[in-house]
Amino acid sequence: MTSTDRPTAPLDLSIEQLAVHLRNRDLSSVELTRLSIERAETSNPQLGAFITICAEAALKQAAASDRRLAEGDPRSALDGIPVALKDNIEMRGIRTTSNSRIFEHSVPRQDAEVVRRLKRAGAVIMGKTSLFEFGHGGPAWDLPWPPAINPWSASHLPGGSSSGSAAAVAARIVPLALGTDTGGSVRWPAAVCGISGLKPSYGVVSMEGIHPNAPSLDHCGPMARTAADCALALQAMAGAGRADPFTPRRRIPANLARIDPLPRPLRIGLVRHWYADDAHPDVTAAVDRASEVFEALGARMEPVTLAPLRDYQDCKTVISMSEIHAAYSHFLQSSPQEMGALMRERILPGSLIRAEDYLRALKWRRHLTHRMGMLLTSYDLLLTAGWLGTAEPNDPDGESTRAAQPLVTMPFSVTGVPAMAIPCGFSNAGLPVGMQIAGAHLSDRLVLSAAHAYQDATEWHLCKPPEGARL
Amino acid sequence: MKMPRKTPDFHAFLAMESLSLPEEQVREMESGYPALIRLLERLRAKTEDIEKPRPREAS
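Residues numbered from 1 in each chain as written. Chains lettered and ligands numbered in written order. Predicted model: local features only at pLDDT ≥ 70, side-chain atom pairs only at ≥ 80, totals over all residues. Heavy atoms only, no water.

1. Here we look at the overall build of chain B
Operational definition: Runs of E in the DSSP output that reach at least two residues are strands. Runs of H or I that reach at least four are helices, and both are numbered from the N terminus. Here the open area of atoms and residues is found with the Shrake-Rupley method and a 1.4 Å probe, where only the protein chains shown may cover a residue.
A count of helical and extended segments in chain B gives 2 helices and 0 strands. Put simply, chain B shows about 4500 Å² of open surface, and 50% of that area lies on carbon and sulfur atoms.

Below is the structure:
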């Protein structure tokens, strides 16, 4: 790609496009970062995507990027690109709150491993985004920062727990934000905000320096407008930390995140029974149409059957309740009133789960993982809904629609395989709808490539929230 | 952490942990307790098959 023109709306561009402009010097990183900060500050009173905007530190990083770019020596495609971090990811010298009163004024002394890697790639960290308390207790209105708002509709929420990251990307504040995903916290907000979000294979991105939720299920992943941008980010993010007990120290495949042409024949298993009956009808229709697009691209689509969603959800719930209780029970004992009510309510039952039930859930997880792994020896990828509904209404007194719905993100959380949510249409009410593409463990490259091929053939990922709704 | 071993009891747990939570919060959590028990029962039923003991020779 070449470019010699100054872009008129840089924040509407992808990372790929911005990298060309930055290298050609028709846009500087300082200009781009300033635009990003201004939009974050202007929109935040209504959108609430950010907990902290690090203007000073970001502009310093941007100036350093500009020096490297002027010397023709960028560190990567991310050099000079403004990036936001979910506020459970630690950054040296910048408060990291997890949207909890417990950490409201906590300032880490070290960067999380993934932040070290992003900085090494030249990314400009411009802010910390809003989330459910510790990525678990939300949406909730009794936390230090209220829930973010969905840029597509001021009366709807952006999903969670990586709420602010999704809102910031959808509202064109940043081209890239990081989220974390234990049961769907990258993919749910990506699906209902009309952006792309990848939960990489378990262990590919280090969780060192990221506040835990359930460590054996925790993932960190990129959220951007395109699959190609997620690939660029993953390439920079992947790798184990120095003191990371949960990221396997195995070799991450080279070019894990490269975008390739789709293999032929491409065999895709359509897990339709997960969304055919329980999803919003507009979701079912949109995912069925997406399946037809893959067919037109030359894929062989076949319906497949896996365990019901409830099985994955039960398994995940027992594991995550036990692990989150282990991670936070000391706060529950020392300062229960400092936690939001929802967080307390979700942590406390973990103490009632006995070790034998936890071990039983681990065995069940191995069984479910094995079954999915066997299926993925016959199929290259799986396709299903990204979320069974559309965005939830922003109603503090309303019943969460999530409680009544099975969670279609859980199967890939439990099994640890790479899964990506990308936009595939809109509901009749004008809210974004997403699908998920998943593959075998460490097949992140194929998942990203398939998502990219779909985005090459469609334009859902290019749709922008209407200005009014964007606040 | 101390825990009731056989039949986890919600109020016993609260007392052991010396947790002083608002009454309304306690009631809410208590109402969720049967759902947790049902969840654990489903898990036990599901895993029965994969938990069958390996055959052993008589000693």
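2. Observations regarding the packing of aromatic side chains
Residues and elements named next belong to chain A. Our working rule: Only the six-membered ring of Trp is used, alongside the rings of Phe and Tyr, when aromatic pairs are assigned; centres must lie within 6.5 Å, and planes under 30 degrees apart are stacked while those over 60 apart are edge-to-face, with the rest tilted. For every residue, the accessible area obtained with a 1.4 Å probe (protein chains only) is divided by the maximum for its type, and the residue is called buried under 20%, exposed over 50%, and partly exposed between those limits.
For the coordinates displayed, the defined rule picks out 11 aromatic pairs over all chains. With a centroid separation of 5.7 Å and 90 degrees between ring planes, the pair formed by Phe-103 and Phe-331 is classed as edge-to-face. Of the two residues, Phe-103 is situated in the loop between β2 (82-86) and α4 (113-120) and Phe-331 in helix α9 (residues 309-334); the sequence distance between them amounts to 228 residues. The exposure class assigned to Phe-331 is buried, which follows from its relative accessible area of 16%. Aromatic rings pair up to connect Phe-103, Phe-134, Tyr-328 and Phe-331 into one cluster.

3. Remarks on the state of the cysteines
Each disulfide consists of one covalent bond between the sulfur atoms belonging to two cysteines. All names here are of chain A. We count it as follows: We call a pair of cysteine sulfur atoms a disulfide whenever their separation is within 2.5 Å.
Scanning all chains against the criterion turns up 0 disulfides over all chains. Free cysteine: Cys-193, not disulfide-bonded; nearest cysteine sulfur from Cys-230 at 14 Å. Judged by its relative accessible area of 1%, Cys-193 is buried. Of all cysteine sulfurs, the one in Cys-463 lies closest to Cys-424, which takes part in no disulfide; the gap is 11 Å. In this structure Cys-424 comes out as buried when scored by relative accessible area, which is 2%.

4. Let's talk about the pattern of salt bridges
Proximity of charged atoms lets side chains of opposite charge pair with each other. All names here are of chain A. Where we set the bar: In what follows, salt bridge is the name for a side-chain nitrogen of Lys or Arg lying within 4 Å of a carboxyl oxygen of Asp or Glu.
Applying the stated rule across the entire model yields 20 salt bridges over all chains. In this structure, Asp-181 and Arg-187 form a salt bridge, with 2.9 Å as the shortest nitrogen-oxygen distance. Under the relative-accessibility criterion, Asp-181 is labelled buried at 0%. Residue classification places Arg-187 among the buried residues on the basis of a relative accessible area of 0%. Each of the salt bridges in this network shares a partner with another, and the network as a whole consists of Glu-113, Arg-116, Arg-117 and Glu-208.

5. Focus: the environment of Asp-282 of chain A
Residue and element names in this part refer to chain A. Keep this limit in mind: Contact criterion: two residues are considered in contact whenever any of their non-hydrogen atoms come within 4.5 Å of each other. Counted as a polar contact is a pair of N or O atoms within 3.5 Å, where, for protein atoms, one must be capable of donating a hydrogen and the other of accepting one, and residues adjacent in sequence contribute only when both atoms are in side chains.
Here Asp-282 is to be found in helix α8 (residues 281-296). C-alpha of Asp-282 to C-alpha of Leu-431: the two residues are 149 residues apart in sequence and 9.9 Å apart in space. Setting aside its immediate chain neighbours within four residues, Asp-282 contacts Ser-427, Asn-428 and Val-433. Separated by 2.8 Å, the side chain of Asp-282 and the backbone nitrogen of Asn-428 make a polar contact.

6. So, the environment of His-280 of chain A
Residues and elements named next belong to chain A. Within the secondary structure, His-280 is located in the loop between β7 (266-270) and α8. Exposure remark for His-280: the relative accessible area of 30% places this residue in the partly exposed category. Excluding residues within four positions of it along the chain, His-280 makes contact with Leu-388, Gly-389 and Thr-390.

7. Structural notes on unusual backbone geometry
Residue and element names in this part refer to chain A. Following Gly-138, the chain continues to Pro-139 via a peptide bond in cis, the omega torsion being -5 degrees. Structurally, Pro-139 is set in the loop between β3 (124-129) and α5 (163-170). Despite not being glycine, Asn-99 shows a phi value in the positive range, around 50 degrees. Mapped onto the fold, Asn-99 is located in the loop between β2 and α4.

8. A closer look at the pairing of strand β6 (residues 219-224) of chain A
The side chains of a regular strand alternate between both faces of the sheet. Residues and elements named next belong to chain A. Here is the rule we go by: Strand pairing is assigned whenever DSSP detects at least two bridges linking the two strands.
In terms of burial, β6 is largely enclosed, as 6 of its 6 residues are buried. Burial along β6 is two-sided: His-219, Gly-221 and Met-223 and Cys-220, Pro-222 and Ala-224, pointing in opposite directions, are all buried. Relative to β6, strand β4 (residues 176-181) runs antiparallel, the two being bridged by 6 bridges. Bridge pairing in β6 places Gly-179 opposite Gly-221. As paired elements, strand β5 (residues 196-199) and β6 share 2 bridges and run antiparallel to each other. Pairing of Ser-196 across the sheet is with Ala-224, part of β6.

9. Structural notes on α9 of chain A
All names here are of chain A. Definition in use: By this rule, a helix spans an expected 1.5 Å times one less than how many residues it contains. What we call the bend at a residue is the angle made by axes fitted to the seven residues finishing there and the seven residues starting there.
Its 26 residues place the ends of α9 36 Å apart at the C-alpha level, agreeing with the 38 Å of an ideal helix rising 1.5 Å per residue. Of all the bends in α9, the largest measures some 60 degrees and sits at Tyr-328. Taken across its 26 residues, α9 has 19 buried, putting it largely inside the fold.

10. Considering the sheet that holds strand β9 (residues 381-385) of chain A
All names here are of chain A. The cut-off we apply is this: Lines are fitted to the C-alpha atoms to define the axes, a helix being fitted only along its stretch in contact, and any angle between axes, read from their N-to-C directions, falls within 0 to 180 degrees.
Pairing is mixed across the open sheet formed by 11 strands, whose spatial order is β1-β3-β2-β4-β6-β5-β10-β11-β9-β7-β8. Edge positions in the sheet fall to β1 (50-53) and β8 (299-303), since each of these pairs with one other strand and no more. For this sheet the average axis-to-axis angle between neighbouring strands, irrespective of direction, equals 25 degrees. Its contacts with the sheet put helix α3 (residues 55-70) on β1 and β3, and the angle it makes with β3 is roughly 155 degrees.

11. Section: the side chain of Thr-180 of chain A
Residue and element names in this part refer to chain A. In this fold, Thr-180 is placed in strand β4. Here the side chain of Thr-180 touches Lys-86 through a polar contact of 2.7 Å, side chain to side chain. In terms of polar contacts, Thr-180 uses its side chain to reach the side chain of Asn-88, at 3.1 Å. The residues touching Thr-180, leaving out its near neighbours within four places in the chain, are Lys-86, Asn-88, Ile-89, Ser-161, Ser-162, Ser-185, Val-186, Met-207, Ile-210, His-219 and Cys-220.

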